[in-house]
Amino acid sequence: MENLIPLVAILAIFVGLPWIILHYVTRWKTAATLTTDDEAMLEELYSLARRLQDRVETVERLVAADHPDFQPQRLAHEREFDSQRDFDRMIASKGRVGQ
């Protein structure tokens, strides 16, 4: 019985503890990444948002053409920053998901 306690302690320190640590490290690494399904869903949502943005801009241009007092401030704000082109370039450089 006296020989069993040091053996269990040594096994716990050199086998059990690293096993637990490595197990949770791999869990954290896999949980922090996006899957290909997540990337495909994000790309699809981006595409949908882009189409909706184009539609809103078209409606704003039509309203501005019919009513000279209408000022589409959202369009002017987006022209200043023009972050959309930067985002499009980033998506294009990464390549499409699934190819």
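Note that the structure is a prediction, hence the values are computed from the model and not measured. (Residues numbered from 1 in each chain as written. Predicted model: local features only at pLDDT ≥ 70, side-chain atom pairs only at ≥ 80, totals over all residues. Heavy atoms only, no water.)

Undergrad: Would you mind showing me how to read the overall build of the protein chain here?
TA: Broken down by element type, the protein chain carries 4 helices and 0 strands. Counting helices and strands in the order they occur from the N terminus, the protein chain gives α-α-α-α. Here the protein chain displays about 9,000 Å² of accessible surface, and carbon together with sulfur accounts for 64% of that area. (Helix = DSSP H or I, 4+ residues; strand = E, 2+ residues; numbered from the N terminus. Areas by Shrake-Rupley, 256 points an atom, 1.4 Å probe, with all protein chains shown as cover.)

Undergrad: Looking at this structure, I do not really get the pattern of salt bridges. What am I missing?
TA: Opposite charge on two side chains lets them pair, provided their charged atoms get close. The full count for this structure, using the stated rule, is 1 salt bridge. Two residues, Glu57 and Arg61, come together in a salt bridge whose shortest N-O distance is 3.9 Å. Linking Glu57 with Arg61, this pair stays in helix H2 (residues 36–66), spanning 4 residues, or about one helical turn. (Salt bridge = Lys/Arg side-chain N within 4 Å of Asp/Glu carboxyl O.)

Undergrad: Mind showing me how you'd approach H2 here?
TA: An α-helix turns once per 3.6 residues; consequently, residues spaced three or four apart project the same way. Its 31 residues place the ends of H2 45 Å apart at the C-alpha level, agreeing with the 45 Å of an ideal helix rising 1.5 Å per residue. Glu43, Tyr46, Gln53, Glu57 and Glu60 are the residues of H2 that are buried. (Expected span 1.5 Å × (residues − 1). Buried < 20%, exposed > 50% of the residue type's maximum accessible area, 1.4 Å probe, protein only.)

Undergrad: In this structure, what is going on with the packing of aromatic side chains? I would like to understand it.
TA: The relative placement of two aromatic rings is captured by the distance of their centres and the angle of their planes. Enumeration according to the criterion identifies 1 aromatic pair in this entry. Summarising the aromatic geometry, the rings of Tyr24 and Trp28 are spaced 6.4 Å apart at their centres and angled 40° between planes, so their arrangement reads as tilted. Within this pair, Tyr24 and its partner Trp28 are both found in helix H1 (residues 4–31), separated by 4 residues, close to a single helical turn. Here Tyr24 falls in the partly exposed class, since its relative accessible area comes to 44%. Classification of Trp28 by relative accessible area gives exposed; the value is 60%. (Phe/Tyr/Trp six-rings, centres within 6.5 Å; stacked < 30°, edge-to-face > 60°.)

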